[in-house]
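Secondary and tertiary structure notes
Here is what each chain is made of, one letter per residue.
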Amino acid sequence: MSTKPDELNQRIGARVRLERENLGWSLTQLAARSGVSRAMVHKVERGDCSPTATLLARLSGAFGLSMSELIVRAEMRAGRLLRQAEQPVWVDPQSGYVRRHVSPASDMPLDLVHISLPPGAVVAMPAAAYVARRQLIWSLSGSLVFIEGETRHVLDAGDCLELGPPADCVFKNETATACTYAVAVLKN
């Protein structure tokens, strides 16, 4: 059975604190490196809030991790098989974006994530979320607008895009139906 959202937020918060402490950073240092207020970092670490995708991307980027890596470290045990019922599911409280981590936690250099973006949803990700990693976006259903820096891409079902150099990005669903896509992240 997958973890409940509140439980996953608690584990993510504990993982953020552990990553920060492992680097010897204070709350103030993490806030400065991530662009997230010190008060919000503290709330996330205590599990007192449900962080947005943008906020998690900023925190994970400060650690040199992808959001996928941060969630994997918070939630999953190693193993070659990860059944759907055990896959961590996280919902962005701001946009309703649903993120399911599909790939097992292993030493493979790849993470695979399934995302459902509700109609009208917009999720911004800072360039820090893309530093030192390569990614592909594969549109599975619906239509996804992906804005990469100044470039606008429209991905319809079956289209696949390799991301370019790190840039601030925006995921948008400009339609009246949900769109789903997969993100493949090549880890360092």
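Preceding block: the structure.
Reading the values: rules and limits
- Residues numbered from 1 in each chain as written.
- Predicted model: local features only at pLDDT ≥ 70, side-chain atom pairs only at ≥ 80, totals over all residues.
- Heavy atoms only, no water.
- Helix = DSSP H or I, 4+ residues; strand = E, 2+ residues; numbered from the N terminus.
- Buried < 20%, exposed > 50% of the residue type's maximum accessible area, 1.4 Å probe, protein only.
- Contact = heavy atoms within 4.5 Å.
- 1 Å grid on protein atoms, 1.4 Å probe; cavity = no way out; pocket = protein on both sides within 12 Å on 5 of 7 lines; lining within 4 Å.
- Points joined across faces, edges and corners; volume = space filled by probe spheres on them.

A closer look at the side chain of Glu-19
Following the sequence through the fold, Glu-19 ends up in helix H1 (residues 5–22). We classify Glu-19 as buried; its relative accessible area is 7%. The contacts of Glu-19, once residues within four sequence positions are left out, are Phe-63, Leu-65, Leu-70 and Arg-73.

A closer look at helix H4 (residues 53–62)
For an α-helix, the turn length of 3.6 residues means that residues three or four places apart are oriented alike. For H4, the buried fraction is high: nine of the ten residues fall into the buried class. Among the residues of H4, those classed as buried are Ala-53, Thr-54, Leu-55, Leu-56, Ala-57, Leu-59, Ser-60, Gly-61 and Ala-62. Phi turns positive, to about 80 degrees, at Gly-64, one or two residues after H4.

Some thoughts on empty space enclosed by the protein
Under the defined criterion, the tally for this structure stands at two cavities of 30 Å³ or more. Put simply, the largest cavity is a space of about 210 Å³. Lining of the largest cavity is provided by 16 residues; of these, Met-67, Tyr-97, Met-125, Gln-135 and Val-183 occupy positions nearest its centre. When contributions to the lining of the largest cavity are tallied by element, the ones reaching two or more residues are helix H5 (67–75), strand E3 (110–117) and strand E10 (179–186).

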